[in-house]
Each structure stands twice: as C-alpha cells, then as structure tokens.
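# Structure assessment
Listed below are the residues making up each chain.
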Amino acid sequence: MDLLGAFYLFLVICLSCLILLSTWRQMQGRGKMPPGPTPLPLIGNLPQVGIKDMRKSLMKISERYGPVYTIHLGPRRVVVLCGYQAVKEALLDQAEDFGGRGKQATFDWIFQGYGVAFSNGERAKQLRRYSITTLRNFGVGKRSIEERILEEAHFLLEALRSTKGLPFDPTYFLSRTVSNIISSVIFGDRFDYEDKEFISLLCMITESFHFTSTAWGQLYEMFSGTMRYLPGPQRAAFKQLAGLEKFIKRKVKANQETLDPNAPRDFIDSFLIKMQQEKENPFSEFSLKNIVLTVLTVFFAGTETVSTTLRYGFLILLKYPQIEAKIHEEIERVIGRNRAPNMEDRSRMPYTNAVIHEFQRFCDIIPLGLARRVTRDTQFRGYTIPKGTEVYPVLGSVHYDPTQFSSPDTFDPRHFLDDNGQFKKSEAFMPFSIGKRYCFGEVLAVMELFLFLTSILQNFSFRSPVDPKDIDISPKLVGFASLPRSYEICLVPR
Ligand code: LZ1
C-alpha cells in the first residue's frame with residue numbers, strides 16, 4: 001500500500017470511530033427520555049431542525065412528537081418543551097429540577113460559565129441574589145429609577161425633535177436611551193448621546209445579538225466545538241463580545257482605583273466591596289472574573305431587549321395607526337399634556353398596558369428562552385431526564401399557543417383586555433420566562449417600556465414613509481432572538 005492509500009485508510013478509520021462515538025453518545029441514557037426524531041451521526045437532527053427559524057421548526061416537530069420531546073442539535077441533546085402546559089409544569093411546578101442553565105454557544109464563548117446569567121449551581125445562586133439586591137439598592141423598582149427614566153426620556157424627546165419630522169431609523173435612538181438607564185446603575189452615570197465609544201459599544205451589542213439570530217448563529221449553536229476555531233461570521237461576534245468585555249474590565253479597574261468602601265457609587269463598586277468582604281471566604285463567587293462578566297450580562301441584557309421590543313413595537317404601530325390613536329386618546333384622558341407620565345398611570349391605562357403586553361407576546365424577543373438544564377435526574381410526564389440534560393422552554397410556543405390566545409398569529413391588544421376594556425392578565429404571558437431563573441430585569445424592563453412609550457406618544461405622532469399596508473411585521477430573523485425588519489419612521493410633534 002502506498003502512502004496515499006495508508007492516509008485514506010487512516011481517514012476512513014478516524015471517521016468511522018467518530019461516527020461510532022457520536023452514535024454511542026446519542027444512544028446513551030436514552031432509555032426513558034422523551035421521544036423524538038432519530039438523530040443522524042455527527043449532525044443529529046439538523047435535517048429536521050434546520051438553521052432558519054428554530055422556533056418554527058421546533059413547534060412543527062412538536063406536532064408529531066408532542067409537547068415534550070428530545071432533539072439533537074449536533075452533539076447537544078436537548079429536551080424541548082412546547083405549549084403553555086408543558087412549560088409551566090416544568091419551570092414552575094418542578095422549578096428546582098429545571099432551574100439549571102443550558103448553553104448559548106455564542107455568549108458562552110465569552111462567559112465560559114461565569115457571570116450571573118450563564119452560570120450554574122452555587123455561583124449562579126450567589127451572583128443572582130446579590131445582583132437583585134444591588135439593583136434594588138440602586139433604585140431599580142423604586143421611585144428613584146422612575147425619575148431616572150423620565151429624565152432620560154427628556155434627552156430622547158429632544159433628540160427626536162431634532163429629526164424634524166423626517167424619516168429615520170430609530171434603532172440607535174432607542175438603544176442609547178434604554179442603555180443609559182442600566183448604564184447609570186452599573187457605571188454610575190449616563191453616556192452623552194454623541195459619545196463615540198458609547199455608540200461603538202451599542203454597535204457591538206446589537207451586532208452580536210443579531211448574529212445569534214442568523215442562520216450562522218443557529219449553526220454555531222450546533223457545532224460550536226469546531227466552528228469556534230474556523231473563520232466565519234462567528235469571529236465578528238467574538239470580537240464584539242471581547243470588545244465589550246475589554247470596556248467593562250477597564251471600567252472595573254477605574255472603579256477599583258477610586259473605590260471608597262463606605263460610599264459605593266454604582267453596581268460595580270458594590271460588587272468590589274462585596275469581593276473585599278468575602279476575600280477570606282473560600283466559597284465566595286465574588287471574583288474579578290465574575291464581576292466583569294456579571295456587569296457585562298446586565299449591560300447587554302439591559303440594553304438590547306427593551307430597545308428591540310420598542311423598535312419592533314413602533315413598527316407595529318406604524319402598521320396599525322388606529323391602535324396608536326387609541327393610545328393617544330388614553331394618554332390624553334389620563335395624563336394630559338401638562339405633566340410627565342408615571343408608573344401609577346399604568347393601572348388607569350388598560351389599553352396602553354394591553355398593547356405593551358401584546359408587543360411582548362407577539363414580538364417574542366427571546367423565542368426559545370435562555371436554555372435551561374435539569375439539576376438532577378428528573379421525572380417529568382412519565383419520562384426520565386438525566387441530570388445535566390439541556391432543556392429549551394420554547395416561550396414562543398407559549399406566546400403563540402392557540403389554547404391560550406384566541407388568534408395568536410394576529411397582533412391584537414384584545415388578547416389582554418376583557419369585554420369591558422379592562423386589563424386581563426394571561427398566565428401564558430412569559431416574555432421574562434418563569435420559575436427559578438426568570439429574568440430579574442423584569443421590573444426595570446416593565447417600567448422602561450411603559451414610561452418611554454407613553455413619553456414618546458405624549459409628544460409625537462408616528463407617520464410611516466411607506467403605506468402601512470405594505471409594512472411587514474413578521475420577523476426578519478428568528479434564532480436566539482426574534483428581530484424586526486429594518487424600517488424608517490417619521491415623528492410629528494403633537
Ligand atoms: C439576557 C438576555 C439576552 C442575553 C443575555 C442575557 N437576559 C435577555 N435577558
């Protein structure tokens with residue numbers, strides 16, 4: 001046999017071993033797991049799942065295998081939960097079992113199991129508890145953050161006035177404003193809207209978020225083990241995430257140098273003080289790495305989710321001017337023109353509140369939720385899910401569950417209104433997920449959505465440069481996130 005022959009033989013043997021290993025791993029512990037489509041070696045269920053719109057394909061697969069099934073995303077074995085009942089039974093009724101964190105391959109590249117959102121066990125517990133307390137100490141959920149939001153709304157209104165009724169893309173108007181709220185909490189101050197570094201940070205956030213929703217981003221979820229070393233768009237996302245980390249590291253360092261342990265100025269200071277207090281505790285998770293990556297998570301999540309929801313929501317209002325008109329009418333009646341909105345107004349504005357809920361349901365910004373993981377061997381609906389198995393609670397399948405919403409595919413605020421026009425809660429509304437790892441940014445997000453929307457509509461009317469009937473409110477991309485199509489808007493002062 002010549003050298004080339006030997007090489008090919010070697011290659012064939014390697015490949016066979018890989019296929020055998022992959023098949024063996026797919027079969028392992030499969031005994032009483034939920035059913036699902038048969039995986040192929042190496043690629044798993046790629047043919048069934050595809051790489052475009054996982055929400056759609058995962059919901060489609062559940063038509064055949066039921067609300068609880070097993071899928072293989074490349075080498076990842078994931079239990080998928082679809083529909084309100086299954087998600088609720090798992091995440092709420094068995095909160096402890098389903099309270100672990102699964103993978104988000106793109107974000108994991110930077111987090112590596114550190115920071116508050118993408119960690120597990122004792123680390124997640126300590127960081128989550130302390131983050132919630134510290135956010136509250138800096139006003140989140142209280143009057144003081146409400147005032148900060150209203151103050152920031154003024155800067156936004158001023159910036160919007162300068163558009164002079166001409167068409168513009170609202171993306172960065174919204175993300176600068178939204179980001180400045182969380183920035184004041186974590187960095188102690190807002191950024192100037194013209195600050196070049198600020199804009200470049202926002203760009204890094206928006207673009208890496210965008211990547212997670214592209215076909216490449218989905219492919220990366222399946223094959224991150226290999227793709228992380230290969231060229232491709234994932235590299236750009238890594239670079240953006242690394243840029244954000246570098247900025248946060250610099251901020252943390254600057255805080256360290258000027259720290260007064262008796263007077264924390266912001267979230268970072270509080271964590272640094274906690275780190276000092278716990279430096280004798282060998283079980284402390286308050287390390288520099290966890291501080292940097294927790295701040296990065298909070299900065300990222302506190303910027304992109306609310307601003308994407310508002311951007312998507314505005315597009316919907318451009319399509320349905322009659323809905324905008326009803327919000328105007330409610331603002332006029334409850335708030336008037338002579339004072340700023342406040343959180344107490346919300347309970348007297350059922351229509352506006354219903355529209356915001358419908359934005360969050362319909363837009364379904366994080367359609368698969370953040371992946372979970374079972375923390376022990378778990379019995380669920382007669383199946384056994386082995387400890388450590390990843391779980392996708394498909395929030396989109398809950399938001400579009402026909403047993404919970406009368407016409408899920410239609411944008412209709414009546415999904416959250418009763419016959420008397422009063423606000424009607426829905427148990428199937430879970431944009432912040434539910435259970436042990438639900439989003440603790442919820443209180444802040446809810447305040448921002450209400451106060452920014454009402455502030456803007458109190459001062460402006462929306463006009464679309466294109467005919468409303470030509471506006472497409474279906475998502476441009478659905479992956480980790482669900483993103484609206486790009487558009488322009490005109491704001492006319494009222
Ligand atoms: C997050 C989100 C997105 C990315 C990382 C953390 N928390 C939304 N909420």
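Above this text sits the structure in question.
Residues numbered from 1 in each chain as written. Predicted model: local features only at pLDDT ≥ 70, side-chain atom pairs only at ≥ 80, totals over all residues. Heavy atoms only, no water.

## Considerations on the pattern of salt bridges
A pair can form between side chains of opposite charge whenever their charged atoms are brought close. Under the criterion given, the structure shown has 27 salt bridges. Among the salt bridges present, the one from Lys436 reaches Glu96, with a minimum N-O distance of 3.5 Å. Residue Lys436 is located in the loop between α16 (395-399) and α17 (442-459), and its partner Glu96 is located in the loop between α4 (84-93) and β3 (100-101); the two are separated by 340 residues in the primary sequence. Judged by its relative accessible area of 34%, Lys436 falls in the partly exposed class. For Glu96, a relative accessible area of 44% gives the class partly exposed. Its salt-bridge partner being Asp97, residue Arg376 comes within 2.5 Å of it at the nearest N-O pair. Note that Arg376 is positioned in the loop between β4 (372-373) and β5 (378-380) and Asp97 in the loop between α4 and β3, a separation of 279 residues in sequence. Its relative accessible area of 42% is what places Arg376 among the partly exposed residues. Look at the salt bridges and you will find they share partners, linking Arg148, Glu151, Glu152 and Arg190 into a network. (Salt bridge = Lys/Arg side-chain N within 4 Å of Asp/Glu carboxyl O. Helix = DSSP H or I, 4+ residues; strand = E, 2+ residues; numbered from the N terminus. Buried < 20%, exposed > 50% of the residue type's maximum accessible area, 1.4 Å probe, protein only.)

## Points about the packing of aromatic side chains
Tallied over the full model, the rule gives 28 aromatic pairs. For the pair Phe107 and Phe480, a centre-to-centre distance of 5.4 Å together with 80° between the ring planes defines the contact as edge-to-face. Pair noted here: Phe107 is in helix α5 (residues 105-111) and Phe480 is in the loop between β9 (477-478) and β10 (482-483), with a separation of 373 residues, a long-range link. For the pair Phe107 and Phe480, one class covers both residues: buried. Ring geometry for Phe416 and Phe429: centres 5.5 Å apart, planes at 80°, overall edge-to-face. Highlighted residues: Phe416 in the loop between α16 and α17 and Phe429 in the loop between α16 and α17, separated in sequence by 13 residues. Taken as a pair, Phe416 and Phe429 share a single burial class, namely buried. These aromatic residues form a ring-pair network of at least three members: Phe107, Phe111, Phe118, Phe209, Phe300 and Phe480. (Phe/Tyr/Trp six-rings, centres within 6.5 Å; stacked < 30°, edge-to-face > 60°.)

## With respect to the sheet that holds strand β7 (residues 390-393)
Taking strand neighbours across the sheet as the criterion, the 5 strands line up as β1-β2-β7-β4-β3 in an open arrangement whose pairing is mixed. Where the open sheet ends on each side, the last strands, each with one partner, are β1 (68-73) and β3. Pairing between β3 and β4: 2 bridges, direction antiparallel. Bridging across to β4, Arg101 finds its partner in Arg372. Along the sheet, α4 makes contact with β1, β2 (76-81), β4 and β7, crossing β2 at roughly 110°. (Pairing = 2+ DSSP bridges. Contact = heavy atoms within 4.5 Å. Axes fitted to C-alpha atoms, helices over the stretch in contact; angles between N-to-C directions.)

## Points about the packing of helix α13 (residues 288-319) against helix α14 (residues 321-334)
Running from amino to carboxyl end, α13 crosses α14 at an angle of 105°, the nearest separation of the two axes being 5 Å. On the basis of their axis angle, the class for α13 and α14 is roughly perpendicular. Facing Leu317, Leu318 and Lys319 of α13, the residues of α14 in contact are Pro321, Ile323, Glu324 and Ile327. Grouping the amino acids of the contact of α13 with α14 by side-chain chemistry returns 5 nonpolar, no polar and 2 charged. (Parallel < 35°, antiparallel > 145°, perpendicular 65-115°, else oblique. Nonpolar A, V, L, I, M, F, W, Y, C, P; charged D, E, K, R; others polar.)

## What to know about the site of the ligand
Close to the ligand lie Phe107, Phe118, Ala301 and Thr305. Here the ligand has 250 Å² of accessible area as a free molecule, and 87% of this is covered by the chains. Given that more than half its atoms are within 2 Å of the pocket grid, the ligand belongs to the largest cavity. Each residue belonging to the shell around the ligand can be placed in one class, and the counts come to 3 nonpolar, 1 polar and no charged. (Near = heavy atom within 4 Å. Areas by Shrake-Rupley, 256 points an atom, 1.4 Å probe, with all protein chains shown as cover. 1 Å grid on protein atoms, 1.4 Å probe; cavity = no way out; pocket = protein on both sides within 12 Å on 5 of 7 lines; lining within 4 Å. Sits in = over half its atoms within 2 Å of the grid points.)

## Focus on empty space enclosed by the protein
Within the structure shown, the criterion is met by 3 cavities of 30 Å³ or more. Considered as a void within the structure, the largest cavity measures approximately 870 Å³ in volume. The wall of the largest cavity is formed by 43 residues, among which Ala301, Thr305, Leu370, Cys439 and Gly441 lie closest to the centre. Contributions of two or more residues to the lining of the largest cavity are made by α5, α6 (121-137), α13, α16 and α17. Looking at the lining of the largest cavity element by element, the count peaks at 9 residues for α13. Taken together, the residues that form the lining of the largest cavity break down as 27 nonpolar, 9 polar and 7 charged. By volume, the second largest cavity is sized at about 110 Å³. (Points joined across faces, edges and corners; volume = space filled by probe spheres on them.)

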